[in-house]
Each structure stands twice: as C-alpha cells, then as structure tokens.
Amino acid sequence: MTPYPYPYPPRDVFLVANSVNELGGVATWTHQMARLFTECGHRVHVVGITPPEDVMELGDIPYPTTTLYDGQPPSPGRARDASMREKATLLTSLFRAARPGGIVIVTQVWAMEWVKLADTTGLKVIGMSHEAFEYSKKTSRFRRVLKHYADVDRMLVLTREDADLWIGQGLNNTSFMPNPLPFIPEEPSPRTEKAVVSIGRLHDQKGIDMLLDAWAEVAPRHPDWTLRIYGSGEDEEILRKQCTELGLDDSVEWRGRTSDVPGALRGASVFVQSSRGEGFPLALMEAMATAVPCAAFDCAPGVHEIVRDGEDGLLATPGNTGELARRLDTLMSDKHLRDRMGETARVNIQRYTTDEIVRRWEELFGFLER
Amino acid sequence: MNVDLRSSPEPATPSAAVPAMSVVVIVYNDETRLPTAVHSVLDQTLRGVEVVIVDDRSTDGSYDVAQRLAAEYPGRVHAHRLPENSGGCGAPRNHGIQQARGDYVLFLDSDDVLERNACRNMLEAAETTGADLVSGLCVRVHVDSRNGKEVKWYPWLYTTTRTLESVSELPDLLVFDTLSTNKCYRRDFLLENGLEFPVGIHYEDLLFSAHAYTAARRITLIPNRVYDWNVVDKADAKSISNRRAEIANFTHRMEIHRRVDQLLVDRGVAELKFHKDVKFLKHDLVLHLRDLPFRDAAYRQEFAAIAREYLESIDPAAYDETEPIHAICAYLLRKSDWDNLLPAVDTLTNRNKVSAPLVERDGRVYWCAEHLDDPDDGDFARHVLDVTELGYHTKPVEKLFLRNELTEYQGPYGGAGGTVRLAGRITNPLGVVPPGARLTGELEFAARRKGVRFQVFRFPVAQLRHEGETIAWEAVADLARGLRPVGVVDAVWDVRLHLGVDGVRTTTRLTASEPGLATGQLPVRPRLTRLVADRIEPQISSRGHLAFRLVPDKKANALVERGIHGAPGRLAKSGYRKAKKVRKTLASGNTKIRLYHEAFSRLPVKKRLVVFESHLGRQYSDSPRAIYEEMRRQGLEFEAVWAYADKPEGFPKDALLVRRWSVPYLKALARAAFWIDNQSYPLKLTKRPETTYIQTWHGSALKRMGFDEPEWKLRSRAEQAAQQRTLDRFDRFLVRSEHDVRTLARAFRLQEKTLLRVGYPRNDALVRARETPGRPSVAAELGIPEDKKVLLYAPTFRQRGQRRFELPFDVERFADTFGDRYVLLVRSHYLNHVVLPPSVRDRVIDVSAHHDVTPLLALADGLITDYSSVMFDYALLDRPMFFFTYDYEEYVHEGRGTYFDLLERAPGPVVRTEDDLYAALGSLEEQSAKYSGARERFVADFGEYDQGHAAQNIVDQFFAQWRRA
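Residues numbered from 1 in each chain as written. Chains lettered and ligands numbered in written order. Predicted model: local features only at pLDDT ≥ 70, side-chain atom pairs only at ≥ 80, totals over all residues.

## Points about the overall build of chain A
Helices and strands together make up the secondary structure of chain A, namely 14 helices and 13 strands. Relative to the globule expectation of 21 Å for 370 residues, the C-alpha radius of gyration of chain A, 22 Å, shows essentially globular dimensions. Taken along the three principal axes of its C-alpha coordinates, chain A extends 65 × 50 × 40 Å. Within chain A, the proportion of its 370 residues that are buried is 47%. Considering only contacts within chain A whose residues lie at least 6 apart along the sequence, 68% involve residues at least 24 apart. (Helix = DSSP H or I, 4+ residues; strand = E, 2+ residues; numbered from the N terminus. Rg over C-alpha atoms; globule rule 2.2 N^0.38 Å. Buried ≥ 20, exposed ≤ 12 C-beta atoms within 10 Å, placed from the backbone. Contact = placed C-beta atoms within 7 Å.)

And the structure:
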C-alpha cells in the first residue's frame, strides 16, 4: 500500500532492457517495477533495444514502451556502430524530455552499450545484473559488466554477497537491491497433501536430474509421498527416461507447465529446488509466501538470502544429492517441523514485499542526488 | 574561504548546506601533488563533500596552492595554516577535525588520492548500519614501478562487507590495519570521545586508530577500494614510515606501542593486547630484525636495549602463535645472544635456510644448545627453541639450504689487481656432514637477470676443513681473468658455493656477517666493450647475500641508456619480447596438445609399444608395475615406456623413461599399442582407436566417486559429456568385486563390455604373501628387528590446511607404550607429509617415500587406517585391522558421502579416540581371532576376484603373442 501523502518526489524513470517483452524473469521484473513506480506517481517509460524471440504477453500497461530496432541490429562492425549512434540519438531525445531528477535503470548489460552512447546529462544511471556473480562469471557478460558498468552512478546486483564479489573485481560502484515478492497468496497451503513440489523449466540449469537422484534415495522411506514436477522444456524426454530407470514412475508425477502457480503451491507440503545456478529465485519466495517450507541446493547467494537455513527452510551443498535427500527426509518425516518452518517462512518473506522494495528504490534515488 | 588561525574564524554562510563529508587534506612542502589530492575529493561521485586543507607551515608554495584552490572552489575547499610547523601529521589533522563541518570526517595526505566512489560507499555504509567508523580497502600504489605495481593493504580484512559491534569481534583489525586514512568517522563520535592524534611523536596513526576502534560502538568494514596510498620506492628523501633505519623512529614506535597497550587497559579491552603481541613478534619486530645484519654493533646494542624492554611486556603464550623462527629470534634478542641471533635472522630473511648448528636432546631437535638448561628459564627456552616439527633432521644434505657465513674478503688480493680472496664457514646442522666425508667446493658466478644467463663462471675452492659444527673454506678467484660479463645486460652477478659431500652436492649463498666486510673494486673485461664498465664491485643483496655489480662508466652509460631507451633499444627489446613469447607459446600445453593430435597421431602405431603410468607419474607402483614386472618375468618382447612426474629415480632401468607432458611422452602415447595406467592420462589427449587402454584403477571405493560426487553432478550437461569422453577412453577397466561394478563402474558410466573381472595385479603379491610365511626383504631395509611386530598406519588424504599432515595421535606416547613390542610404519597419502621426532627413531618409521605400498602391506602384522582404500587390499592378508576414525561424522556426513556404512561392515574395531586405539592395539592375536569371520565376509564382498593371478591373466589375454618362440 502506498503511503499518503507519498513522501518521495515524482520522477521520470526509464527502464532499459534488451527487449520490452522477452519471455523470462527480467521482463517480469521490469514490468512489475514499472507498474509499481507508475502507481507511486512516477512517469515510467520502458525501452527495449530489439524485439524479442520469445514474446511475453504484457496485457494492458499504463506506461509507454519503445523498441529501438524493428529487427535485429546489424552484426558487430561498422554498420552496427553507425546504427548504435543513430539509436542512441533516439534515446537521447527520450532522456532530454525528462524532468530534473530523472533515473535510467539499465536492466541488462547489453542494453548499456546503447545507453552509454546516449546523452544522460542530468539523469542518474543505474546498471543491473540480475544473476549471481558466480553464474555471470562463466559467461561473456562478466567482462562486459566490468567494462560497461564501470562508470554508472550505481551498479546493482541481487544480494550483498554478490555485490561484495563484484567490488572485489574492482567494480567499486556496486550495491545491491533484492527483487520484490511477486504476490502474497490470500490462502496459504494447509500442508496436508503428502506432496513435494518442484516448479521450473525442464532445463539443465534447473537440475531436475539431480532432484531425481535425490528422490531415488528418499522415496523408498516414504512410499505414501509423491513428487510433483511442474514445468516443461527441452529435457523432458531424457528426464522421464532417467525417472523410469531409477524406478520412480510410481512416485513421480510429471505435471507439465502450469499457469496456476499459487494453486500448485497450495497442494504442496514441501517445496524442492535442485538448480545448478540461480539469481534471486522467485520460486522459493512464492513457496514461502504460500507457507510451504523449502529444501534447496544452496547454489547462489540469493538462495541463502531468501531461505534462512534451519529456520524457515533447509539447504544442502550444491550437487550433494545425498544431502538434499536427507533434507527432504527431515521435512517429510516431521509434520511439526513442516508446520513451524512453513509458518515462519510466510512471516519472514514479508521483508521482500513490494512496499518495502519500492521504499528501498526511492531511498536509493534520493541518495544518488546527494 | 582562506583562514589563518590568528584571524577569527569566518562564520559559515547560512546558505552553505552542511556537507555530508569533510575530507581533511594535510600538506607539508608538497605543492606539486596537493592539487591532485584535492581534485580526487572534488571529483567524488558523492557531491556533498568539502575539502579542509591544513598546511603545516610549509616552506614552499603549498599554502598558496591551497588558497588558490579555495578561491577556485568557494564553499567546497577551505585552506588553513598552522601557526608554526609541527613536524608530524597529528597537529594538522587535529586542526582539520576542529574545522570540519560534515557529518563524517576523512583524512587524506597530500601525496595520496581517494577512489572516486569512496565517499559515497562510506556514507552509504555509515547510514545503513549507523556505524561510528567505516573502514575500506587501502591500496599501496608503487608510482614509479614499471608495471604500476599495486599491493592491497591487509586485503583479508576487506573481502566482505561486515559490521562489528565491537572491535573485540575482529582483533586483527586493530592489530593490523593501523592506518587512520582509509576510514570515515562520524564527526560527533570524534568530538564526543575527544579523539585526537598525539603530537610530537611519529606513528601517530597507531594510537589514533586504536583509540577510534576501541571507542566505536559500531564499525563497518567495506570491501571497496577507498584510498590509494602512493608509495615512492626510489625517493631520495624517504617519508617517515620508510625511514625505519633510525633508532629515533624505533624509540617512537616502542613508545606508541606502550601507549596503545595502556589505552587497551584503560578501555577495558586488555585481552586485545595478546593479539597485538603476536603481531609484534611476527611483523613489527621482524621489520627491524631484518636490518640488523646491515647495521654496526653500536646500532645493534642500542636497538636491542630498546626492544628488550618492550619484549618483557609480551605474553609468553604469544610465542606459540608465531612461526618458530619468529619466537626464536625474539627469545634470543631478549637474551642478547648475538652469536645465535644473527644466524637466526638469516633464517628469518631466507625462510628455508638452516643457519644454526642445531642440537638433539632427549629425542627433540633444538635451534641451539644454549639456554636449554637455564635454571630460571630452561623450560621456556626448550619450548621456544624446539624445531623438531620443522623436520630438519629428516632431510639429507642436498635438500638443506645451509648458511654460509662469509668471514673474510680481500680484494684486490695479492699482487694481481683482479684477484679476490674469500673465506667463510658453512653451518653443519646435526652433523649432517660427517667428519670423514670427502669434501669438494666450487664458487659459481651467474648473472642475476633471467634470460641473459648465457654462461656461468666457476672457481675452485682450494681449502675445505671439517670443524665440527661448521665447514671452513677458503678460495682465491682471479675475477679479472675468469669472469667475462657481456656488459649492460648482466650488471649483477650472484655468487654461490656448491659444497660436495661424498659426491652429493648442496648449494649455499654467501652471507656477509658484518656491514662493510666486502668492499673494493676489481677490474673486469666485459665482452661488449670496456667502455661500458671495466670494474666490478661487491654488493650485498637485501637478503644479505654477496653479489658483484659492474661499476658503470658514467659517460658510456649515458650513451647506453640513450640506446636502450631510444629507437634501437625499443626495437631490440620488442624483438626480445616477441622471441620470448614465441618460445612460451611453443612450450605451452596447447601447442603440445596440437602436436600430439596433428603430428604424432598421424605416425603409425608401434605394435609392441606399451606406455605405463602410475598415479600421474608420481610413482613406480601399483598394478601397472605388477603387470610390467610380470611381462618382464615372462620375457616378453616389447618396448616399454614409463612416465615419471618429477624425477626418474626409482623407475625401472630397463624401460625408456619419459617425463610426463614432455614431447617424447606425447609421442610415445600417440604411437603406443597399449596404455596401462591406474588413474588418468592427460584429459585432453584423445586416444587413437588402434590403442588399447587398460585402466587398472587404484582402489575399491568407500567414498562416492565420479558422477556420484557432488562436484561432478553439478557440472552442466556439456561439461559432463566432455568428462565422459575422457572416461570412454578406457577400453578395459579392472574390477576386484561386484562392489566395484556397482560403484566405480556405475559412477564412471562404463559399459559392461569394458569390465575385466580379474582382480588387481598389485594384489597378487598379497595373496601370495598370505600363503607364504616369512618377512619380505623390506623389513631388513628398514632395519626392523626380528622380535618386533610391525604395524602400518595408512590414513587417507586430508585436504585441510597445508601439505603437512598432523598425526591424530601422540607419536611419542605410542612409542613409549608399544615401542618394546611394535614398530610403527607411517605412510601418509602422497599429497600429505609427516615429520617424526628423533625420540621415536627405530620405533616409528616414516615410509611415505616408498613408491609401492604393497611390500609394506605384506610386511605389516596389523593395519591401522581410517577410510583409505588400502583396507580392501590389506584384508586379503587376513591379518588384524584397526579403524581409527577420529573424524567420522565430519568425514562421512559433511563430505561427499559413502557407498556403505563402514561402522557396520568394518572387519576390525572402529575407534574414535587415541585411548580406545591403544586399548585395541593391546593384543593383535585377540583382535585377529575376534574379527576373523568379519574379515572373511569383507574379502568375499570386496575382493572376490583377487585370486593371485591377475597379472598372469592380463598377460595371457593381451600379450601372449609377444612371448618369445
């Protein structure tokens, strides 16, 4: 709920991403924030560099959007450079129209290459990296972040721990900002069904293969429990094959992709996440908001930032499927523990409500003007 | 706003907003650098920052510069001047604190700069945590170094953002980071606590920072670089912190230490002094001790008097927290034992050097014989001077770096002007050089600079005399005739003395015992031209070693310098760098891998070529060895190649020995008909289809392996596929039991057809040993008496800490308890090593260096292990086994997990404590009888295919056609 009178000045806020409406976490976050900023009285404009490959349906949005290119930009070289200068002019004209105190938030480092060429005089520029440091390090984005975000007014990552790691690489302008909780369900899970739930794309990164290995160790001890795997993806076939080979067909349900995440979570007594890499995983936040305790691989700072191990969920060493199996076993064997951790989770996760996160952004905008 | 202190301060204009931060910039005679420092503040990303310049009555134009800056940036820069020069940093900073208006205060010196985001990051931290003090990373920037060398100041304190409610939570902060400049202080905090720098004494930062740390209610550390401390290495006038050669400075330092100690007491945190004591022994004292060899006797005496007084206040327990040599030096200094202290300082500077004669008493090794029996202090002396753990006594002479004290230097010597006469004595610790040894010696001169070491020049050492604790030597060298430098590129020549002891060579450096011992120029004839230099003179390196330096001719040198820095020089240097780069590329791994795939793999396979390797070339051992020996025994006709990692010693003489990763190694692998190995050939080498890879593997598994390990599972699919390709190189994989099939074979995702159910060739000997009584020959080699039983302790690899492996039991107690009955052999994993004290000599023996464990297993009447796979092999002997699993929970549960529960299936007692272990070891016979059924089951489960004919089977199956007709 927005306090009244609203204690922060209205601003022009530009959110610049690779694409306005690309299917995935960054666009979901971008439009959630765009809506929240609009509700607070800011004038928001979402800018994308190119049209996306996988389109996400945005519905009605109360703010304008602009996409710089009609198709893909020319491949790197002189033509790309020329087109970048031209598009940067377009950005400059958007930025010039801003009132004093305007903010440019660049959500992905690729988009920064255009923003860098534009005139941002009078505006504060915030660069963001929406993934864990270690994950970023394995990609080409690592070098690009160090290069293109070196001079932004603030570089934001998801957690303090990630920020410290970037600072260690010499990116001295780094700070952090967690993602807001997408929703708080009215109705928490009653935790009565003997079901462990996993939600995520069936992709190598989500580590469903490791979840099956862990389940193979824990399932024999709990014949009355089922593992419900929500999600679809390119790995479905090999994962189902692995499931059969492990003899788990009786205790694993492949539920496919769901449009009703709250419903899926309400049917869960335990949530499990076995990813190889994460940033600030929304799935864990959503499960906790539904009062479902989580067992997860501690694969990123964002994970132990969200789950307080032993208090509102249980964490395991990444890749150690035996340990994940023991964590699941602990939760599945003890109803009182599930109830206690589930209820604690629902309370603890309130620190990421939209009101709280918006307040932190407003404080940051003010701080950058000092 | 320019304010002279004598005028009344100008009231702040009401319109000027209070800045968030004030940066106090102090200056003394530094007009050229002051603007840079000030601009580093004005260019901060945080805008609400003011600069308060305080000039310590400079005699140059510093104050004018300050005033100009103030005029240029009104309201943002303020210039102040002290009424008279204070001679330190304290008074101007104190004045700055009074003048500052910001909520927070920082200090900056006129020759340093702030990082652009420093103020913003510190302010954010201070406001979010409410800390009185925020401290960030300082970086020492060596401004005149060629490559812009930067050294972080105690970076381990600044790896993560961290908030302390009291400095007691992190004593290292107070102890190590004693700077005042990389910090931001809440101004009210400074004022309320009356925090000021002491005036009229150096090292004011130490007291101020200690005061601030202990007064702060909350401290936040941030990993951000905030402060660049510019260091000038070649400055003629060194700054205060560099001028430690002066006694006056040392007096100041000790006085500051005393004041800090008093402060800690006053503030009720006296317990922090202990940490400070440790740091004093390890760091502060060391800085000064290292200078001693370069100082005269008068300085030494004066220094010692001042230091001793302070040393008396050091907690004796602090000596335990340092490295032995730190404690030894401090102790000898306290005792004013110069004869032993100066050599000890040599070891302090050259850490791997043995500089004292050492002495063995009651089974322990001590640095020196003195003080040990001191009636007042003997116990403490023994405690400090005990160097048993350093393992000097276990090393042969060629592994020791012995101190060689240069006692005489005469040059020029005799009639000829180019001759030098040198004499000295080499330390002989624990009589490692025996009295009757045949001694030889040679002086070697080599250019210091790498890459120009075209030639070394040698001169014989004419006289060598064994004098008990030292070896005295004397040499005369005609440098004018015998030393021919090129000139310019090889200006510095290092001197070494190689001492031969019965044909074994050990290398020493010459340490000048007194300053001014080696002086005087000698003529030389550079090859380039005598114009560049025609004389050479001795110099002492910072490590105290004798070297010689070409004395450059000034005029010629100017010409040469111009050449080096001009166009021809640049061309020559870039050519040299390119050539170096090409050489590096050629020798690199990638080039070699390409050579292997694109050249060697196109050559025909040699039908009878077999490449053997064991444990990545570290050993001649295990099943590859057993197969090799069986092939030799049967007289097969084949070409054998063995790979070694470091040195070919210990590998078979009747095979071609190649170093791992060498070109001949790669060529042999590319052309081999068989690869026989127990671990892995280089992962990046593709095996040709014509080559058969027999993977013998090196042990059954208790711990999860391969794709059952977390690290493997965590890899992406592409990485897993790449890993699988290296495993799919195995054409055959040896297994000892169906347990191996269920664990190893599954974990490596091997196909059924690759599995060879023949058992391990290395274990043939164990099966035979079980049937043939009598001791193997290794018993005599180790000098084990007939009447004693042999126990083998073979623990698994421990990753934690250094290579040094601490035995989990008191080895002296073991020897005292069981020495009359047992000899204990200790075999650490090849990646760990142990040191045994002389007291257990003949009762406990380190057998880690033995390549092959099998003969040791065959010898042992009982085995003590924990989780090592050696248990599966030893069980074949049907002798008693003991499982000393002192860290079971940690090892089994916290780690990667096990395939079965050792506690359930162990064929012998599983004990957690030393006492229980000793109780179990009491009677081998009893244990043997008690667990005989368990051992039988264990062998059936884990070693069913080990029937004693594995090597034979493999030869029959793969190499029968190579038998001579």
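## A look at the overall build of chain B
Secondary structure assignment for chain B yields 33 helices and 38 strands. Overall, the C-alpha framework of chain B stretches about 110 × 75 × 70 Å when taken along its three principal axes. When each of the 965 residues of chain B is scored for burial, the buried share is 40%. Across chain B, contacts joining residues at least 24 apart in sequence account for 72% of those joining residues at least 6 apart.

## Observations regarding the environment of A:K194
Residue and element names in this part refer to chain A. Looking at where K194 falls in the secondary structure, it is placed in the loop between β7 (174–176) and β8 (195–199). By the C-beta count within 10 Å, which is 13 here, K194 ends up partly exposed. Remark: the alpha-carbon pair of K194 and L227, spanning 33 residues in sequence, is separated by 8.8 Å. K194 has contacts with D224, W225, T226 and S269, leaving out every residue within four places of it along the chain.

## Quick look at the packing of helix α7 (residues 204–215) of chain B against helix α8 (residues 247–266) of chain B
Residues and elements named next belong to chain B. One way to put it is that α7 packs onto α8 with a least axis distance of 9 Å and a crossing angle of 10 degrees. On the basis of their axis angle, the class for α7 and α8 is roughly parallel. Note on packing geometry: the crossing formed by α7 with α8 is right-handed. The segment α7 lies against α8, with L206, L207, A210, H211 and T214 engaging I256, R259, V260, L263 and L264. (Axes fitted to C-alpha atoms, helices over the stretch in contact; angles between N-to-C directions. Parallel < 35°, antiparallel > 145°, perpendicular 65-115°, else oblique. Left-handed = near helix turned anticlockwise from the far one by under 90°.)

## A short note on the nonpolar core
Counting 107 residues, the largest nonpolar core has A:V104 and A:L328 as the members making the most contacts within it. Formed jointly, this core draws a minimum of three residues from each of two domains, domain 1 (12–180 + 353–368) and domain 2 (195–351) of chain A. Those residues in contact with A:L328 that sit more than four places away from it in its chain are A:V196, A:A214, A:V218, A:V270, A:V272 and A:A295. In terms of nonpolar packing, the next biggest core, distinct from the first, is built from 77 residues, B:V24, B:A37, B:V41 and B:V54 among them. (Core = buried A, V, L, I, M, F, W, Y, C linked by C-beta atoms within 7 Å. Domains from an automatic or database assignment.)

## Describing the interface of chain B and chain A
Listed by partner, the interface residues are 23 residues for chain B and 19 residues for chain A. For the side of chain B that touches chain A, the secondary structure elements donating two or more residues are α4 (118–129), β11 (219–231) and α20 (710–714) of chain B. For the side of chain B that touches chain A, the leading source of residues is α20(B), giving four residues. Across the side of chain B that touches chain A, the residue classes break down as five nonpolar, ten polar and eight charged. (Nonpolar A, V, L, I, M, F, W, Y, C, P; charged D, E, K, R; others polar.)

## Structural notes on the environment of B:R729
Residues and elements named next belong to chain B. For R729, the position within the fold is in the loop between α21 (717–727) and β31 (732–734). Overall, R729 belongs to the partly exposed group, with 17 C-beta atoms counted inside 10 Å. When the C-alpha positions of R729 and T686 are compared, they lie 7.7 Å apart, and in sequence the two are 43 residues distant. Apart from residues lying up to four places away in sequence, R729 is in contact with K687 and Y693.

## Some points on the packing of helix α18 (residues 622–633) of chain B against helix α33 (residues 950–959) of chain B
Residue and element names in this part refer to chain B. One way to put it is that α18 packs onto α33 with a least axis distance of 9 Å and a crossing angle of 65 degrees. Between α18 and α33, the angle falls in the class roughly perpendicular. Our pair here, α18 against α33, has a crossing hand that is right-handed. Touching A626, I627, E630 and M631 of α18 are A951, Q952, I954, V955 and F959, all from α33. Considering only residue class, the contact of α18 with α33 consists of seven nonpolar, one polar and one charged.

## Focus on the UniProt feature "domain: Glycosyltransferase 2-like" (unreviewed entry) in chain B
The sites that carry the UniProt feature "domain: Glycosyltransferase 2-like" (unreviewed entry) are, in the present numbering, residues 22–165 of chain B. Along residues 22–165 of chain B the backbone is 29% helical and 29% strand, and the end-to-end C-alpha distance reaches 25 Å. (UniProt positions renumbered as here; feature names shortened; annotations may be inferred.)

## Brief notes about the domain arrangement of chain B
Residues and elements named next belong to chain B. Annotation of chain B at the domain level lists domain 1 (2–242), domain 2 (271–392), domain 3 (398–552), domain 4 (606–759) and domain 5 (764–942). Centre-to-centre separation of domain 4 and domain 5, based on C-alpha positions: 27 Å. Contacts between domain 4 and domain 5 engage 20 residues on the former and 14 residues on the latter. Among the elements of the structure, α18 and α22 (738–747) are those that each provide at least two residues to the side of domain 4 that touches domain 5. Split into classes, the residues belonging to the side of domain 4 that touches domain 5 amount to five nonpolar, nine polar and six charged.

## Things to note about the sheet that holds strand β28 (residues 656–659) of chain B
Residue and element names in this part refer to chain B. Ordered in space as β28-β27-β26-β29-β30-β31-β32, the seven strands form an open sheet in which the pairing is parallel. The strands lining the two open edges of the sheet, one partner per strand, are β28 and β32 (755–756). Relative to strand β27 (residues 639–644), strand β26 (residues 609–613) is paired through four bridges, and the arrangement is parallel. Note on β27: the bridge partner recorded for L609 is E639. (Pairing = 2+ DSSP bridges.)

## Details of helix α3 (residues 90–99) of chain B
All names here are of chain B. The element α3 is extensively covered by neighbouring structure, given that eight of its ten residues are classed as buried. Among the residues of α3, G90, A91, P92, R93, N94, H95, G96 and I97 are the ones counted as buried. Its buried side turned inward, α3 meets β2 (21–27), β3 (49–55), β4 (77–81), β5 (104–109), α6 (187–192) and α7.

## Some points on the domain arrangement of chain A
Residue and element names in this part refer to chain A. Per the domain assignment, the segments of chain A are domain 1 (12–180 + 353–368) and domain 2 (195–351). Relative placement of domain 1 and domain 2: their C-alpha centres are 31 Å apart. In this complex, domain 1 contributes 13 residues to the contact, which on the side of domain 2 involves eleven residues. When the residues that make up the side of domain 1 that touches domain 2 are grouped by side-chain class, the tally is four nonpolar, five polar and four charged.

## Looking at unusual backbone geometry
Excluding glycine, a negative phi dihedral is what most residues carry, and trans is how most peptide bonds are arranged. Even without being glycine, A:A291 reaches a positive phi, approximately 70 degrees. Looking at where A:A291 falls in the secondary structure, it is placed in the loop between α10 (282–289) and β12 (294–297). One non-glycine residue, B:D362, adopts positive backbone phi at about 50 degrees. Structurally, B:D362 is set in the loop between β13 (359–361) and β14 (364–366). In this structure B:D362 comes out as exposed when scored by C-beta crowding, with 10 C-beta atoms within 10 Å.

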